Structure formats: structure tokens, C-alpha cells
Amino acid sequence: MSQKVLSILVLLSILFVAACGPTPEPQTIVQTVEVEKTVVETVEVEKEVTVVETVEVEKEVEVIKEVPVEVIVRETGPDSVLDLIFVQHALCAWDSFWCTVENGIRSAADDMNVNATILGPDSFDLERVAVLIDQAVAAQPDGIALTVTDPDLFREPIQRALDAGIPVVAYNAGSGPIEDDIAYLTYLGQDEYQGGYLGGLRLAADGGTAGVCINQQVGHTGLDKRCQGFVDALAESDIPAEVLGISDDPAESQTVISDYYTANPDTDIFLTLGPNGANPFYAFMEAEGLDAGDITHGTFDISPEIADRIRAGTTMFGIDQQPFLQGYGAVQMLTMVLRYGILPALPVTGTGPGFVTAENVDFEVDADRPVDAIMVQHALCAWDAFWCVVQKGIEVAATEMGVNATVLGPDAFDLERVAVLIDQAVAAQPDGIGVTVTDADLFREPIESALDAGIPVVGYNAGAGPIEDGIDYMTYIGQDEYAGGYLGGLRLAADGGNRGVCINQQVGHTGLDRRCNGFVDALEEQGIPAEVLGISDDPAESQTVISDYYTANPDTDIFLTLGPNGANPFYAFMDAEGLGAGDIRHGTFDLSPEINEKIKDGTTMFGIDQQPFLQGYNAVMFLMLKHRYGISPALPVTPTGPGFVDLSNVEVVERLAGEYR
Amino acid sequence: MTTIAERLRPARRFAVESPIAGPLMTLAVVFVLFSAFVPNFLTVRSISGIINAAVLTGTITVGITLLMIAGEFDLSVAPMMAMGGFLYARGTAEAGSVPLAILLALLVPAVMGLVNGLVVTRTRIPSFITTLSTLFIYRGIVWLFSGGQMFQTVEKYLIYDIFNGRLAFLNDMWQGANFRTATLWLLGLVLLFQYVLVRTQFGNHVFAAGGNPGAAGAQGVNVRRVKVICFILSGVMAGFAGILLFSQYTTVRIATGAGEELKAIAAAVVGGTALTGGSGSIIGALLGVMIISMLRTGVVLTNLIPADNFEAIVGVTIVGAAIFNSWIRSKA
């Protein structure tokens, strides 16, 4: 009976929808989009969004699903004004944590000239969030960002967005596309293990005898990862460390810590995982009469108490997940995808750990603070075309964010000269310096003189990160070679295989070896044997080596080449051998006219791009974020690649080649 | 009635006197051993692969060997090869003039060789040092010429097939065969250079200039001129290697051919050419290239050692071959 009523209602409302205009469905959809957008942008309106859960709306969603998607997905390019929708499980209106996230979204939307609409429930209700995701899809935006708070519940609505050709990124909550088993682009949030690890490195920097990670919730995956990172970092400095479990009862916890300290009086490095651990820890210190000189302490998160202790020097740092960057980065990622076809490099994009120390605990945010940045690089667009793309990234970021960026470089490849240019940049006292760390030994002194002068420094395009380079700059922005090989290997082995080979044109070159290591690890995880085959700069010789290897190992069906130098003789080998796309699977690093052709005809699954545009763009962005918002890049290496170019985006990439790609 | 020893005398004389006896024996031994013990070695696919892998190094080795017999080294051939490749590439694919492309691809490396030759003969700086520095200088010139960019085309022109196309009628006869026109070019050049070396007056002068320049000069040989010509020929051959390279792979990079100079010297030595000059053979050098190529293929095919480490085995064998050659020569 009620079913009849419902179906009549459905019919009526469809008629109603149809009556709204002479044009069929697509028109009506566009109208609903308009309505939702005006509705949602202020907080009061949030309640109206929840009103949307009336029968009519459900039906509109139904109707929309029948519309062929391809007709509606808009072509986007470098100059497009984008419409992005953010769906999150909480709102600034009732949870102040989210005000920071939303500020990040708004600032980025403002900088990058995109329209951002934020949707959320008026109280914690994941079912409703799932419905909001469907509504977001129905609105046919250019991109969607969302919190993957419950992957099982959100999997279907997110899949509908992906099926509709809408790029999706996750922020704040999620575990990345692989762990969540949803093929969204990346998850922006804290890297818990790296938080513990990098925190551990800081705490152990001046040595120590024993460390302890005070965990208020043993068994919680995120917290356990933090402790694991901490223990690993200390182990690298030969300092024994272990985990101490405490509870939600601060009095009990204080006693547990005190008892542990009595039993292990040589413990001098402490990590707490948040205010819940820090609070009883401070009580323990007071009772024990310990102060800053006796032990070193770091913690996750910031509370008024922790901030005070950081100022007083008792606590070395508080680790912040940098929610502003989660919002800002989500906008930036989608903008890169939509305008330039630039994809996030890794399944998880770390926004934290961000270290709050005595130096920056009282940082005053000022979104309008002027920023002067100087970028010093070992080559210039004027004489090496590769760099035009990097400089385009610098220029676009500087224009969007209102940063005054100057690019300096030598007239010809001359690293001594670059070192001098860094010195000159320091002398100009800018608000930030970007440097290609082409030669860490040669550039160490000039970069350190910048750091001593209080000027933040980021590395881009060339470098290995502050830890490996032994220079304390913020981060290195460039390709993650191991991840490139690893993720490439996963793609190539997705449908199984018998044997894989990584064709390396320069065995012994650290970057290339890392690519092969990643590839071999990925294949071995799938139970597929894989090894490295060295070739040379002589393509004729290389072709024969590949051919001989194939003769000796005829079951080889997965091939990775590390650039055009390897791909070129490889294609000649395929040609001579009469092999086609169906016989083997091939992926490569980098792009070339030949590789692009082979991607198009299906011979090659993908080319891995380091995305130089993003290197220039991110370098400026991070210097700006530091100066205006006190935000630091989370990790020693901020990857811009691997960016996979395959059949789905090779044409976009080709169209933008030379300028943005 | 002649004794067995007498009947074997010509063979013995050949073994100890001919510069190609050592490499020929090495080649035969390696070939027989690999054919017997390495799976898939004695197949048309492997044989054609061995030959193809030898083509670029072989072309360069022809010029290098001539120069070594004249008593000089040329370490700067790799950037010349890249330069030849770039000029030929841009001439055919961009400017669309095949004759101009070929002319420039041979002429510019020839001038580079001329510069090498003039510096060496006028300043008496050893060619090892001179060409080591021009190696870097020429690489820089290639770098400027290329704008720091790899050049690649996906177009196929007829001229590419002429220089380095598939020999379809041969390849159709055997499955897996990959014989190419470049092999014929190399073969032709080897025979031409060998003829020039042993049958012409210029060839005599080359041996004389390398063996005993003082005596050669006294006999009226213009040692300087001979050496300069050898440097030029070395450049021309490097440029020609660039043409062969681009004709098949339609790709040329700044680093194209890096390390080729040492492979060529190694091949010449394995092929019986003396590092001190005055003795050697173009055919022997070709055999040297073939030996190295055969070893590489054999090692990869056996699958015994990690595939990324076969160069080490090749290196060991180069030393072995060189020792063997000098042992044979000591019997002379």
C-alpha cells in the first residue's frame, strides 16, 4: 500500500521536475546545483542542506544518474574557473577544529580562483555524510574533496563520483586509496609513523640513554604507528626505547609513569601522544622535581598547557597535523589535476607532522603578509627547456598567491656560480629562498648562512632532503624515486605476471637504483620474481642485451624502463622480436614523443613524470605558507612525482607539454 | 717429402705473425665453447643480436684503430658521435635535406678531429690528454647545440632504412632474425679501411708514423700530416656512427655514446692492435668488437650471474684476451 503511495509520489515529482523547463534533465540538474551552492556557503544554511533529505531530493539524485555522464563533465584547462565541492564529517559551526581546515580551503580557493562549496552534517552523522557525497556528485562539480571517515560506508558514493569522471581527493580522515580500497587520488593528512620517527630524531639529536613512548591507547593503529616511528628513530641512534601504556585516568597514568621512571631511572627521552598523555606527564615531572635540563620531552598535538611548556622549554615540540594544510592542499591538488593534469604523487600526502617549537609557538597568522621569495636554480629556461616548466610553476604560484618571486640562475652549468648566487640571495634578506640542492657539499655553507639569518629554505628539483643532505632546510620537493618504481610495479603486476625485469641504463646511479628497488619490491610482494638488467648508452648494444635476456628468460612479461634511454632500445627489441601489447606489459619513467605514441597505441601502460611544474609551484607555495601561516612541509621529501601518464591523460599532457608538463 | 712440421709452417707463421691470428683464435674458442654450453647461443636471433650490438662500437673502432696504429688515441669520439647524430637528426627531420644532413654529420666531427690532430701535432701534448679535454669540450658543444634536450622523432624516412633498416629478405628466412643494413655499411667500411691500410702508400705511412716516427720522418713521411688525417678519419667514423644510430633509434641525446671511446680502445686491443702504435689490423679490431659482443650475449644467456653485472665478466675477459694476444706475439 505504502509502496503505491510512494511510487505515485515519485511519478508526481518526476513530472514536477520535468515541468520546470522545456529542456530535459540536464537543465534541471544545473538548477539544483545553483540552489545548493547559494544555500550551502554560509553556516546557517547548513541546516537547510540537511533539509535536502526530503523525498524530492532523493529523486533528483535518481534522475541525474540516468543522464549520460560524459555530456556533463566539463573540459578543464589552465584557465578554467573550477567548481569544487568539499564534503566533511564535521563543520566549523559546531567543531572549532574544522574552522582551521575551512580557512585553508577558503584561502586556497581565493588564491587559485576556484569556487569552493563546503558541505557537512549539522551533527556527527556518517549516514548523512554519505548522502551529501551523493548530492555533491549530482551537482556535477569539477572535483570533489571529502573525508573518508568510514571507507565501507563511503565506498559506493565515492565510486559513483569516480564513475562520473569527477576526480576525488580525501583529506583529514582516510588511509589512502590502497588501504581504503577506493580509487581516489590521494589522502591528505598526518603521516603518523613519520611524526613519531621525525620527532624521535629531534629528541635523540643530542644523544640520550633510554627513551619511552607514552601511549594512552595501545592498540589504536594511528597511535601505535607514532610509537613505532619513535622507537625506530631512537634505535638508529642506538638508544633503547619502548612503549609504556597508560589509561584515561590521569592520576593512575601519572603513577604508572612515575613507577616506570623509578624502575628505569636512566630514561631521559619521553614522547607523549597528545594532551591526554602530556597532562599526567607534566604532573609526574612536577612531583618528581624534574625540569627541562633533566630530560627531553616531545608530544603530539598542541593544548594551552603544552604551548606553555614549549615556551618554558620543558617540552621541545608539539606535533601538529596542520589542518590548514589539509584544506589548502586539497584545493591545490584538485586544481593541479583539473587545470594541468598533474596528479598527486603518492597515495598518502603528509600534511603533518608540523613541528611547533619555542620558535614558532607564538606565530601570528597574517594572510596578507607580503612575501618576497628568491629561487636559485642550477639551470634556467633561457638555455635549458626543461626549466621553462619549473619556472612556469614558480610564476603561476607567485601570481596566484601574490608572492614576489625572483628566479636566479647561472648563464651556463656552473655550480660554483650557483653557490655565489645563493649568497647573494641571502644578502637580499628575502622571506624565503628556494634552492636546487644540486651539490649538497658545495651548497651547505651558503644554505646554512640563510638558515642562520632566519630565512626559511626549501629545496626543489635537485636534492635528497634535509636528512640525507645533512643541511637543515625545510624539505626537498621532487620525485620520490623509490615510490615511482614501487607504484609502477604495482600497476604492472596488477593482473599478475610471471617475471619482471627493471632495465637500468646506469647501474650505480642512486636515483635509478632506487626506482628498480621499488619495482622489484612491488613485484616480489605479489610473488613475482624480478631482477635488474643493466644496459648502456649504446642503444644497439642495449637492444641485444634485452633480447638476450628475454631469450634466456622467455617467461618475462613485465618490463620497466627508466627513461627514454631505456625505452628506445626496448621498443626496438619488441619490434625485432615481433612482440605486441598483448604479449607483455611495459611501463617506463619519463615521456618522449616515442613513449607518448606507445602509450596511445597501448604498448606502454604508463610513463612516470616527475611533474616539474609542481616543483616550482610547491616551492613558492611552501615558502608562502611558512611566512603567512607558520606552516611547514611535513616530510623531509615532498614528492611531486611519480605522476602517472597513461591512456587517460596522455593527450592532456601532450597538449600542455613544454609549458606546464 | 715434407715433414708435418714443414707442412704446418705456414699456419705457424700465420699464428705468430698475423695480427689477426690472436683475435681469430679467441673468437673461435669463445664461439665453440658458447655454442656447446650456452643455451640458445647458436641461434639466428642471438647471432644477429651479437652483430647488431657490435655495429656502433664497431664503426667507431675502425677509426680508433687506424689512429692507434698511427700511435695516437682519441677519447673524444663519443660526443662527436652525438654531434653527428644531432646534425643528421635535425637535418633529416627538421630541415628535410638528406644530403645536407649527411654532409654536416660527417663534416663537423671531421673538423673536431682536425682540431684534435692539430693540437696534438703542433703542441706535442699527448693525445691522451688533448682528447680527454676535447671530450669535455665537445660534450659541451653538443650540449649547446642540442639546447640540453634529447632529440627524437617518430617519423620514418627512407634514408633511415638505407642506413639502418631491416634486411627483410634475410629476416624472413629465420624466425627471430634481425639482420640490418648497418651491418653491411660496417662491413664495407672495414674492408675499405683494411685495404687502405695494407695496400696503399698512406697505409704504410700510418704504420711507419706509429711504429717509429723518427725513422718515418727521415724516410720522407710527413708524420704530422698522416696523424692529422687519422684524427679526421676517426671523427668522420664517429659522425657516421651517429648516422647509423639515429637511423634505427631516431633518438639522440647529449650522453649518446658515452663510454664508447673506451669500448673501442678495448676492442682494438682485444683485436690485436698495440697500444704503443705501429701494429694492428682493422679486421682484427672488428673481431675484437665481435668477441666482446659475443661474451656479453653469452653471459646474459647463461643466466648464471645477476643480469646487471655482466659487464664485470666482459672486463675480465678483455684482460684475458689482451694477455693471450701478447703471449702469441711473444712467440714470434
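**Student:** Give a detailed account of the overall build of chain A, specifying residues and quantitative values.
**Tutor:** Along chain A, the regular secondary structure elements total 26 helices and 24 strands. Expressed as a percentage of the 661 residues in chain A, the buried residues total 54%. Sequence-distant contacts in chain A: of pairs separated by 6 or more residues, those separated by 24 or more amount to 76%.

**Student:** So what's going on with the nonpolar core? Which residues, and what values?
**Tutor:** Within the largest apolar cluster, 256 residues are counted, with the highest numbers of intra-cluster contacts made by Ile133, Val169, Val331 and Val620 of chain A together with Leu66 of chain B. For this core, the element with the highest residue contribution is helix 12 (residues 223–249) of chain B, accounting for 18 residues. Setting aside residues no more than four positions away along its own chain, Ile133 of chain A makes contact with Val87, Leu146, Phe154, Pro157, Ile158 and Ala161 of chain A. The next biggest cluster of nonpolar side chains, apart from the first, holds 33 residues, and it includes Ala204, Phe230, Ala233 and Leu234 of chain A.

**Student:** Now, about the confidence of the model for chain A: what can you tell me, with residues and values included?
**Tutor:** In this model, chain A carries a mean pLDDT of 87, and residues with pLDDT of at least 70 account for 89%. Below a pLDDT of 50 lies the segment residues 11–73 of chain A, which in the model reaches 65 contacts outside its immediate sequence neighbourhood of four places, other chains included.

**Student:** Explain helix 21 (residues 510–525) of chain A to me, using residue names and the numbers behind them.
**Tutor:** Residues and elements named next belong to chain A. Over its 16 residues, helix 21 extends 22 Å from the first C-alpha to the last, a length consistent with the 22 Å expected when each residue adds 1.5 Å. Restricting attention to buried positions, one finds in helix 21 the residues Leu512, Asp513, Arg515, Cys516, Gly518, Phe519, Val520, Ala522 and Leu523. Tucked into the core, helix 21 has its buried residues touching helix 20 (481–492), strand 18 (500–504), strand 19 (530–534), strand 20 (558–561) and strand 21 (585–589). Trailing helix 21 by a residue or two, Gly527 shows a phi angle of about 75°, which is positive.

**Student:** So, the domain arrangement of chain A: which residues are in play, and what are the values?
**Tutor:** When cut into domains, chain A gives domain 1 (2–185), domain 2 (196–320), domain 3 (364–474 + 635–641) and domain 4 (482–609). Here the C-alpha centre of domain 3 of chain A lies 35 Å away from the C-alpha centre of domain 2 of chain A.

**Student:** Describe the sheet that holds strand 22 (residues 606–609) of chain A, listing the residues and the values that go with them.
**Tutor:** Residue and element names in this part refer to chain A. Strand order across the open sheet formed by six strands is 19-18-20-21-22-24, with mixed pairing between neighbours. With one partner strand each, in any of the chains shown, strand 19 and strand 24 (643–645) form the two edges of the open sheet. Between one strand axis and the next, the sheet turns by 20° as a mean value, whatever way the strands run. Here strand 18 pairs with strand 19 via five bridges, running parallel. Residue pairing across strands places Ile503 opposite Leu533, the latter belonging to strand 19. Here helix 21 sits on the sheet in contact with strand 18, strand 19, strand 20 and strand 21, set at roughly 180° to strand 18.

**Student:** Summarise the environment of His297 of chain A; cite the residues concerned and give the values.
**Tutor:** Here His297 of chain A lies in strand 9 (residues 296–300). Among residues more than four places away in sequence, those in contact with His297 of chain A are Phe270, Thr314, Thr315 and Met316 of chain A.

What counts and what doesn't
Going along each chain's sequence as written, the residues are numbered from 1 onward. Think of it this way: whatever chain is written first is A, whatever ligand is written first is 1, and the rest follow in order. A pLDDT threshold of at least 70 governs which residues receive local features in this predicted model, and a stricter bar of 80 or more applies before side-chain atom pairs are shown or counted, although totals over entire chains, interfaces and linings include all residues. A helix here means a DSSP run of H or I that spans at least four residues, while a strand means a run of E at least two residues long, and both kinds are numbered starting from the N terminus. The exposure scheme places C-beta atoms from the backbone and then counts, for each residue, the other C-beta atoms within 10 Å of its own, assigning buried at 20 or more, exposed at 12 or fewer, and partly exposed in between. With C-beta atoms placed from the backbone, a contact is any residue pair whose C-beta atoms sit within 7 Å. Take the buried Ala, Val, Leu, Ile, Met, Phe, Trp, Tyr and Cys residues, join any whose C-beta atoms are within 7 Å, and the set you get is a nonpolar core. Each residue gets a pLDDT score, which is the predictor's confidence in that residue and runs from 0 to 100. Every helix has an expected span of 1.5 Å times one less than the residues it contains. For the purposes of this description, domain bounds are those given by an automatic or database domain assignment. At least two DSSP bridges between two strands are needed for those strands to be called paired. Axes here refer to lines fitted to C-alpha atoms; in helices the fit is confined to the stretch in contact. Angles between the N-to-C directions go from 0 to 180 degrees.

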